[in-house]
Amino acid sequence: SQIFSKLADRALLVGFSWYLINKYSGNALSIYLTVSMLPHLIMVFMSGRLINRYSPVTVLRYAEFFRSIAIGLLGLILALHLYQIELLAIIVLTFSANLFAALFNPALLTVPKQFELSGQQYQRIVALLNSSASAARMIGPIMVLPMFSYLGIVGLVSFYICSHGLLSFFSTTMHGM
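Numbers given to residues run from 1 along each chain, matching the order in which its sequence is written. Selection of residues for local features in this predicted model requires a pLDDT of at least 70, selection of side-chain atom pairs for listing and counting requires 80 or more, and totals for whole chains, interfaces and linings are taken over all residues. Side-chain calculation: all heavy atoms of the structure are included, whereas hydrogens and water are not.

Draft legend 1. The arrangement of a nonpolar patch on the surface in detail. To count toward a patch, a residue needs a relative accessible area above 30% and no salt bridge. Like charges then connect within 9 Å, nonpolar side chains (Val, Leu, Ile, Met, Phe, Trp, Tyr) within 5 Å. In this description, accessible areas are obtained by the Shrake-Rupley approach with a 1.4 Å probe, and a residue is regarded as covered only by the protein chains that are shown. Any Lys or Arg side-chain nitrogen located within 4 Å of an Asp or Glu carboxyl oxygen qualifies as a salt bridge. A grouping of Tyr62, Phe65, Phe66, Ile69, Leu73, Leu76 and Leu80 is seen on the molecular surface, where their side chains present a nonpolar patch of about 690 Å² in accessible area. A helix here means a DSSP run of H or I that spans at least four residues, while a strand means a run of E at least two residues long, and both kinds are numbered starting from the N terminus. Among the structural elements, Tyr62 can be located in helix α4 (residues 56-79). Each residue is assigned to one of three classes by its accessible area relative to the maximum for its type, calculated with a 1.4 Å probe on protein chains only: buried under 20%, partly exposed between the two thresholds, exposed over 50%. Look at Tyr62 and you get exposed, because its relative accessible area is 51%.

In structure tokens, the structure reads:
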């Protein structure tokens, strides 16, 4: 589920970049990319404390839920062709989704520590998580071309929601969490 989630993240980033550059301008793309990365920079200083305060599993559940809600709202706005608020919605909801992603990602890396794993098992899990992220960085932009051409931006958003729903399902059912 993590590989699908990361693929969807990369596909959505490239898809929205393409969508914004074609529909608006380079300025809109610059704002979008800045807004996409800013939450990660902000959360560097807070994510560890929040994860420790609420537990990694709780953070995973809520971060994934609210991230999916933000992107779902964005998909709804795009599907309903609410052009007058589209650009503002892309900016605000992308910021919101990435704020939760900035909590989700470090929480995910701390979850294996909650299980009694040997050092080798823990290393394998972390390596698998990192490998899936690396593979998605390469495959996501490649797969977005046919997906975007066939499904459009709303289809990419739908793929994102489905893949994150899968991740949510597995993260909440894993070992009775």
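Draft legend 2. Molecular detail of the environment of Ile161. Its place among the elements puts Ile161 in helix α6 (residues 119-173). When the C-alpha atoms of Ile161 and Ser68 are compared, they prove to be 5.9 Å apart, with 93 residues separating the residues in sequence. Aside from chain neighbours lying at most four places away, what touches Ile161 is Ser68, Ile71 and Gly72. Any two residues whose heavy atoms approach within 4.5 Å are treated as being in contact.

Draft legend 3. How the structure looks around the packing of helix α2 (residues 26-43) against helix α5 (residues 83-110). An axis is simply a line fitted to the C-alpha atoms; with a helix, the fit covers only the stretch in contact. Between two such axes, the angle follows the N-to-C directions and lies from 0 to 180 degrees. In contact at an axis separation of 8 Å, α2 and α5 are set at 25° when each is read in the N-to-C sense. Classed by the angle they form, the pair α2 and α5 counts as roughly parallel. In terms of crossing hand, the pair formed by α2 and α5 is right-handed. Residues Ala28, Ile31, Tyr32, Val35, Ser36, Leu38, Pro39, His40, Ile42 and Met43 of α2 form the contact with α5, whose participating residues are Leu87, Ile90, Ile91, Thr94, Phe95, Asn98, Leu99, Ala101, Ala102, Leu103 and Asn105. Looking at the contact of α2 with α5, its residues break down into 16 nonpolar, five polar and no charged. Orientation labels follow simple angle bins: below 35 degrees gives roughly parallel, above 145 gives roughly antiparallel, 65 to 115 gives roughly perpendicular, and whatever is left gives oblique. By definition, turning the near helix anticlockwise from the far helix through less than a right angle yields a left-handed crossing, and turning it clockwise yields a right-handed one. In this count, Pro and Cys sit with the nonpolar residues alongside Ala, Val, Leu, Ile, Met, Phe, Trp and Tyr, while Asp, Glu, Lys and Arg are called charged and the others, Gly among them, polar.

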